[in-house]
Amino acid sequence: MKKFVAGILLSASVVTLAACGGDDSSSGDSKELVVGASNVPHAEILEQAKPLLEEKGIELKIETYQDYILPNKDLEAGDLDANYFQHIPYLESQIADNGYDFVNAGGIHIEPIGVYSKKYKSLDDLPKGATILISNSVADHGRVLSMLEAEGLIKLKEGIDKTTAEVKDIVENPKDLQFDAEYEAALLVQLYENEEGDAVLINSNYAIDAGLNPLEDSIAIENTDSPYVNIIAVKTGDEEKKEIKALVEVLKSKEIQDFIMDEWGGSVVPVEK
């Protein structure tokens, strides 16, 4: 009788182990990848990448953000595996200011910054002493000033790194433009809608999110050869993980690049580097 009971128990154990083994095989080797992103265009691009990553056994979870501070804090804290919202000069400034041990795992696209105005139809129309509203993110100042220099409105000091230029580096300003850099980047669209200032420099992700078309609604737009490439940022060393490499590979695929061009028609531009 004891042998009979022991046999039943042994059989039950085998069945239980087989069931557990069956659960493991059914779940497969799928890995979860958590990526923080701005709503537009980053999160929308990642949504298109989901099924492509799923084919590679990676479940992509997207956490959306409305600001430029928390995505890096959450990456540092380990709440994210990567983030996708920032350009290279901003990442470099965040590393310098906060000591983050982050690296660029791959450049994906450029969002040309635009000049918007409810009052004037071109940069030439801006009056002497016009007020230009820009983001309080110092990492964007060099970008804005470089663009205005390219348009012939100002001139910066010779020999400076233009990605880190500040208003104090302006040496020629024929229109005596006044720069007001007291605003969160996310508020600039509302300032434009309220007709604050004479012109407003708005990042394309915020412009698109608010229903603006950077190519049609701006009075000037940055050239697409800009160094301000939006990237996948990760903790140092994680760029070698197969999931991160797969993410970058998918985002650089022809399918995703075609989606970017079809969806935004040049106001967001994929990059090869």
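None of these values were measured; they are calculated from a predicted model.

The rules behind each value
Residues numbered from 1 in each chain as written. Predicted model: local features only at pLDDT ≥ 70, side-chain atom pairs only at ≥ 80, totals over all residues. Heavy atoms only, no water. Helix = DSSP H or I, 4+ residues; strand = E, 2+ residues; numbered from the N terminus. Buried < 20%, exposed > 50% of the residue type's maximum accessible area, 1.4 Å probe, protein only. Contact = heavy atoms within 4.5 Å. Areas by Shrake-Rupley, 256 points an atom, 1.4 Å probe, with all protein chains shown as cover. Core = buried A, V, L, I, M, F, W, Y, C linked by side-chain atoms within 4.5 Å. Salt bridge = Lys/Arg side-chain N within 4 Å of Asp/Glu carboxyl O. Pairing = 2+ DSSP bridges. Axes fitted to C-alpha atoms, helices over the stretch in contact; angles between N-to-C directions. Left-handed = near helix turned anticlockwise from the far one by under 90°. Nonpolar A, V, L, I, M, F, W, Y, C, P; charged D, E, K, R; others polar.

1. Let's talk about the overall build of the protein chain
Along the backbone of the protein chain there are 10 helices and 13 strands. When the 273 residues of the protein chain are sorted by exposure, 45% land in the buried category. Sequence separation of at least 24 residues holds for 74% of the intrachain contacts in the protein chain that already meet a minimum separation of 6. Counting every atom, the protein chain has about 13800 Å² of accessible surface; 48% of that belongs to carbon and sulfur.

2. Comments concerning the nonpolar core
Across soluble globular proteins, you tend to see nonpolar side chains buried next to one another. Formed by 30 residues in total, the largest nonpolar core has its most connected members in Leu-46, Ile-232 and Leu-251. Looking at this core, the elements with two or more residues in it are strand 1 (31-38), helix 2 (39-54), strand 2 (58-65), strand 3 (82-87), strand 12 (229-235), helix 9 (242-251) and helix 10 (254-264). Ranked by the residues each element gives to this core, the list is headed by helix 2, at seven residues. Each residue touching Leu-251, except ones within four places of it in the same chain, is listed here: Ile-45, Leu-46, Ala-49, Ile-108, Ile-232, Ile-256 and Gln-257. Counting residues in each nonpolar core, the second largest holds 23 residues, with Val-115, Leu-126, Ala-130 and Leu-201 among its members.

3. Digging into the environment of Ile-95
Within the fold, Ile-95 resides in helix 4 (residues 88-98). Distance in space between the C-alpha atoms of Ile-95 and Asn-72 is 9.6 Å, their sequence separation being 23 residues. In contact with Ile-95, not counting residues within four places along its chain, are Tyr-100 and Phe-102.

4. Considerations on the pattern of salt bridges
Per the stated rule, a full pass over the model turns up 11 salt bridges. Where Asp-238 meets Lys-241, a salt bridge forms, and the shortest distance between an N and an O atom there is 3.5 Å. Given the relative accessible area of 19%, Asp-238 is considered buried. Overall, the relative accessible area of 43% leaves Lys-241 in the partly exposed class. Where Asp-258 meets Lys-254, a salt bridge forms, and the shortest distance between an N and an O atom there is 2.6 Å. One end of the pair, Asp-258, and the other, Lys-254, are both in helix 10, four residues apart, so they sit about a helical turn from each other.

5. Things to note about the sheet that holds strand 6 (residues 131-135)
Either a parallel or an antiparallel arrangement is found when strands of a sheet pair, and the pairing is made through backbone hydrogen bonds. The strand order across the open sheet formed by five strands is 9-6-10-5-11, and the pairing between neighbours is mixed. Edge positions in the sheet fall to strand 9 (178-183) and strand 11 (220-221), since each of these pairs with one other strand and no more. Examined bridge by bridge, strand 6 and strand 9 share four bridges and lie parallel to one another. Residue pairing for strand 9: Leu-133 is matched across the bridge by Asp-180. The sheet contacts of helix 5 (residues 138-150) involve strand 5 (114-116), strand 6, strand 9, strand 10 (199-202) and strand 11, and relative to strand 6 the element is tilted by about 140°.

6. Let's talk about the sheet that holds strand 3
Read across the open sheet, the six strands follow the order 2-1-3-12-4-13; overall the sheet is mixed. Only two strands of the sheet have a single neighbouring strand rather than two, namely strand 2 and strand 13 (269-270). The sheet contacts of helix 2 involve strand 1, strand 2, strand 3, strand 4 (102-110) and strand 12, and relative to strand 2 the element is tilted by about 170°. Sheet strands in contact with helix 4 are strand 3, strand 4 and strand 12, and its direction is about 110° off that of strand 3.

7. So, the packing of helix 2 against helix 9
Axis angle and axis distance: for two packed helices, these are the angle between their axes and the distance between the axes, and together they describe the pair. Two numbers describe how helix 2 lies on helix 9: the axes approach to 10 Å, and their chain directions differ by 115°. For the element pair helix 2 and helix 9, the recorded crossing hand is right-handed. Across from Ile-45, Leu-46, Ala-49, Leu-52 and Leu-53 in helix 2, the residues of helix 9 making contact are Ala-246, Leu-247, Val-250 and Leu-251. Residues belonging to the contact of helix 2 with helix 9 are distributed by class as follows: nine nonpolar, no polar and no charged.

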